[in-house]
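Fold and contact review
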Amino acid sequence: MRQHLVGDEIVVLLLDPAAELFIPILIGPAEASAIATAQAGVVPRRPMTHDLLCDVIAAVGESLSQVEITSLEHGVFHAALVLGGGARVDSRASDAVALAVRVGCPVLCSAEVVAVAGVEASPGPAEQELERFREFLDQVTPEDFESGEEPGTSSR
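A brief look at the structure comes next. Quick caveat, the model's predicted, so the values are computed rather than measured.

**Describing the overall build of the chain**
A count of helices and strands for the chain gives 6 helices and 8 strands. A fraction of 48% describes how many contacts in the chain between residues 6 or more apart in sequence connect residues 24 or more apart.

**Overview of the packing of helix α2 (residues 49-59) against helix α3 (residues 93-103)**
At a minimum axis distance of 10 Å, the contact between α2 and α3 shows a crossing angle of 65°. In the crossing of α2 with α3, the sense of the turn from one axis to the other is right-handed. The residues of α3 that touch α2, namely those facing His-50, Asp-51, Leu-53 and Cys-54, are Asp-95, Ala-98, Leu-99, Arg-102 and Val-103.

**Let's talk about the sheet that holds strand β4 (residues 64-73)**
Spatially, β6-β5-β4-β7 is the arrangement adopted by the 4 strands of the open sheet, whose pairing is mixed. Both edges of this open sheet fall to β6 (88-92) and β7 (107-109), since each of them pairs with a single strand only. In this sheet, adjacent strand axes meet at a mean angle of 30° when their direction is disregarded. In the sheet, strand β5 (residues 76-83) pairs with β6 via 5 bridges, with the strands oriented antiparallel. Bridge pairing links Leu-81 to Val-89 in β6. Of the strands in this sheet, β4, β5, β6 and β7 are in contact with α3, which crosses β6 at around 115°.

The rules behind these values
- Residues numbered from 1 in each chain as written.
- Predicted model: local features only at pLDDT ≥ 70, side-chain atom pairs only at ≥ 80, totals over all residues.
- Heavy atoms only, no water.
- Helix = DSSP H or I, 4+ residues; strand = E, 2+ residues; numbered from the N terminus.
- Contact = heavy atoms within 4.5 Å.
- Axes fitted to C-alpha atoms, helices over the stretch in contact; angles between N-to-C directions.
- Left-handed = near helix turned anticlockwise from the far one by under 90°.
- Pairing = 2+ DSSP bridges.

As structure tokens, this is what we get:
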């Protein structure tokens, strides 16, 4: 989650590492708090709404196998809770993510949503510089410091 400085908007970023894309989903402060506390491993003394729903799902002998971000309509993300027995329950995306974080199930996103809302996750200048430094460290040897030559250019 990230808090946007303009308007105190809170954004959940769903990352697709294989496609190097992320899906930004604006959420409310209550849902952000529910997600953050679950990510931090905080267990409230009494169940909050998302904890209660997880308990109800378990009490009826079901499990939450995955959540799916199914569509984006008029700027609003829609989701589905997919239960272990195959039943699907309509959900707000923020609530679906809050439940997924609690039970440790995957959050999937439809190809249509990725096509419309996906943003390229390109490394920024700091990440690129860090990557070049890591490559340098992989190539450098103690002898390179004695010779004063760039790594990989010595005449050995």
